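Understanding the architecture of this molecule
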Amino acid sequence: DQQVKQNSPSLSVQEGRISILNCDYTNSMFDYFLWYKKYPAEGPTFLISISSIKDKNEDGRFTVFLNKSAKHLSLHIVPSQPGDSAVYFCAASAIQGAQKLVFGQGTRLTINP
Amino acid sequence: DGGITQSPKYLFRKEGQNVTLSCEQNLNHDAMYWYRQDPGQGLRLIYYSQIVNDFQKGDIAEGYSVSREKKESFPLTVTSAQKNPTAFYLCASSSRGYSLNVRGIFSYNEQFFGPGTRLTVL
């Protein structure tokens, strides 16, 4: 039972354009969402997060949007840069659920020059 | 220089042998976690520990064991009972779960990951 889903395994975007990565979840108890970035053969690094009391959080080129009614969140990267090429995981947590993170399958983002 | 170390980076073992993966952190975090990553899949939680001398099973604990005798260390043993042990193993740590700020708003204490160990069972 996949509680957090990233339905696009890969995404290719031209340098300078906007990258939009999507994530859906099924558990309405989730109240905190995070995005991690991962390069090959390395551990993921934290990118940005959002609490369920907000619908948007922005940090430089990265913005995360949360639509609770649709159980959907998205990560926008603008402008996209070659160094953004990586696998992006979304993750969710529920304060009632032992505070574990549940991860999506990941989306491989490739930024083309 | 604070962080999480995992050793070794690559590990090869014969089928039927137990193997222990090391994870050490000097971030003074209470909570530690073990995940495994397989191609095309997300990170799946094996075991986690929120405090010394205590740990809980994650979603795929069968065939694995852990110990948490020290705050800094959370070794994972992959036993011969694990049917498909070849994978990339990631250790993480965090301050315990959620924290409450002065405005009464909860925030999640994000997990920091080590560089991972790729285990190949021959």
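Heads up: the structure comes first, above all this text.
Residues numbered from 1 in each chain as written. Chains lettered and ligands numbered in written order. Predicted model: local features only at pLDDT ≥ 70, side-chain atom pairs only at ≥ 80, totals over all residues. Heavy atoms only, no water.

1. Regarding the overall build of chain A
- Counting its regular elements, chain A contains zero helices and 11 strands.
- When the helices and strands of chain A are read in sequence order from the N terminus, they spell out β-β-β-β-β-β-β-β-β-β-β.
- A compact globule built from 113 residues should have a C-alpha radius of gyration of about 13 Å, and chain A, at 13 Å, falls within 12% of that.
- The C-alpha extent of chain A, read off along each of the three principal axes, is 45 × 30 × 20 Å. (Helix = DSSP H or I, 4+ residues; strand = E, 2+ residues; numbered from the N terminus. Rg over C-alpha atoms; globule rule 2.2 N^0.38 Å.)

2. Notes on the packing of aromatic side chains
- Counted under the stated rule, the structure contains 14 aromatic pairs over all chains.
- Ring centres 5.8 Å apart and planes at 50° place the aromatic pair Tyr 36 of chain A and Phe 103 of chain A in the tilted group. Taken together, the positions of Tyr 36 of chain A in strand E4 (residues 32–38) and Phe 103 of chain A in strand E10 (residues 101–103) put the pair 67 residues apart, joining distant regions of the chain. Assigned by exposure class, Tyr 36 of chain A and Phe 103 of chain A land together as buried.
- Between Tyr 47 of chain B and Phe 55 of chain B the ring centres are 5.9 Å apart and the planes differ by 80°, which places this aromatic pair in the edge-to-face class.
- Put simply, the rings of Tyr 36, Phe 46, Phe 89 and Phe 103 of chain A together with Tyr 33, Tyr 35, Tyr 48 and Phe 113 of chain B touch in pairs and so form one group of aromatic residues.
- When the ring centre of Phe 74 of chain B is taken as origin, the NZ or CZ atom of Arg 68 of chain B, which lies over that ring, is 6.0 Å away. (Phe/Tyr/Trp six-rings, centres within 6.5 Å; stacked < 30°, edge-to-face > 60°. Buried < 20%, exposed > 50% of the residue type's maximum accessible area, 1.4 Å probe, protein only. Lys NZ or Arg CZ within 6 Å of the ring centre and 35° of its normal.)

3. Things to note about the interface of chain B and chain A
- The interface of chain B with chain A comprises 26 residues on the first partner and 23 residues on the second.
- Counting across the chain B and chain A interface gives zero salt bridges.
- Inspection of the region where chain B meets chain A yields two residue pairs in polar contact (both at pLDDT 80 or more).
- Among the secondary structure elements, those contributing two or more residues to the side of chain B that touches chain A are strand E4 (31–37), strand E5 (43–51), strand E9 (87–94) and strand E11 (106–108) of chain B.
- Element by element, the count of residues in the side of chain B that touches chain A is highest for E5 of chain B, at four residues.
- Each residue belonging to the side of chain B that touches chain A can be placed in one class, and the counts come to 13 nonpolar, nine polar and four charged. (Contact = heavy atoms within 4.5 Å. Salt bridge = Lys/Arg side-chain N within 4 Å of Asp/Glu carboxyl O. Polar contact = N/O pair within 3.5 Å; in protein donor to acceptor, adjacent residues only side chain to side chain. Nonpolar A, V, L, I, M, F, W, Y, C, P; charged D, E, K, R; others polar.)

4. Structural notes on the state of the cysteines
All names here are of chain A.
- This structure, assessed with the given rule, holds two disulfides over all chains.
- Covalently, Cys 23 is tied to Cys 90 through a disulfide, its sulfur atoms 1.9 Å apart. Taking the sign of the S-S torsion, 55° for the link of Cys 23 and Cys 90, the bridge is right-handed. In this pair, Cys 23 sits in strand E3 (residues 19–25) while Cys 90 sits in strand E9 (residues 86–93), placing the two residues 67 residues apart along the sequence. Per residue, the accessibility class of Cys 23 equals that of Cys 90, and both read buried. (Disulfide = S-S within 2.5 Å.)

5. Observations concerning the sheet that holds strand E8 (residues 72–77) of chain A
Residue and element names in this part refer to chain A.
- With antiparallel pairing, the five strands of this open sheet are ordered in space as E1-E3-E8-E7-E6. For this open sheet the edge positions go to strand E1 (4–5) and strand E6 (56–59), each flanked by a neighbour on one side alone.
- Where E6 lies against strand E7 (residues 62–67), four bridges are found, and the strand directions are antiparallel. Across the sheet, Asn 57 pairs through a bridge with Val 64, a residue of E7. (Pairing = 2+ DSSP bridges.)

6. A few points about the pairing of E9 of chain A
Residue and element names in this part refer to chain A.
- Counting buried positions along E9 yields eight of eight residues, so the element is predominantly enclosed.
- In this sheet, E9 lies alongside E4 in antiparallel orientation, the contact comprising seven bridges. Paired with Tyr 36 across the two strands is Phe 89, which belongs to E9.
- Sheet topology note: the E9/strand E11 (residues 107–112) ladder contains three bridges and is antiparallel. Counted as the bridge partner of Ala 86 is Leu 109 from E11.

7. A word on the side chain of Gln 25 of chain B
Residue and element names in this part refer to chain B.
- With respect to the secondary-structure elements, Gln 25 resides in strand E3 (residues 19–25).
- Among the residues examined, Gln 25 registers a relative accessible area of 3% and is labelled buried.
- For Gln 25, the side chain forms a polar contact with the main-chain oxygen of Lys 71, separated by 3.1 Å.
- Non-local contacts of Gln 25, meaning those with residues more than four positions away in its chain, are made with Gly 3, Ile 4, Met 32, Arg 68, Lys 71, Glu 72 and Ser 93.

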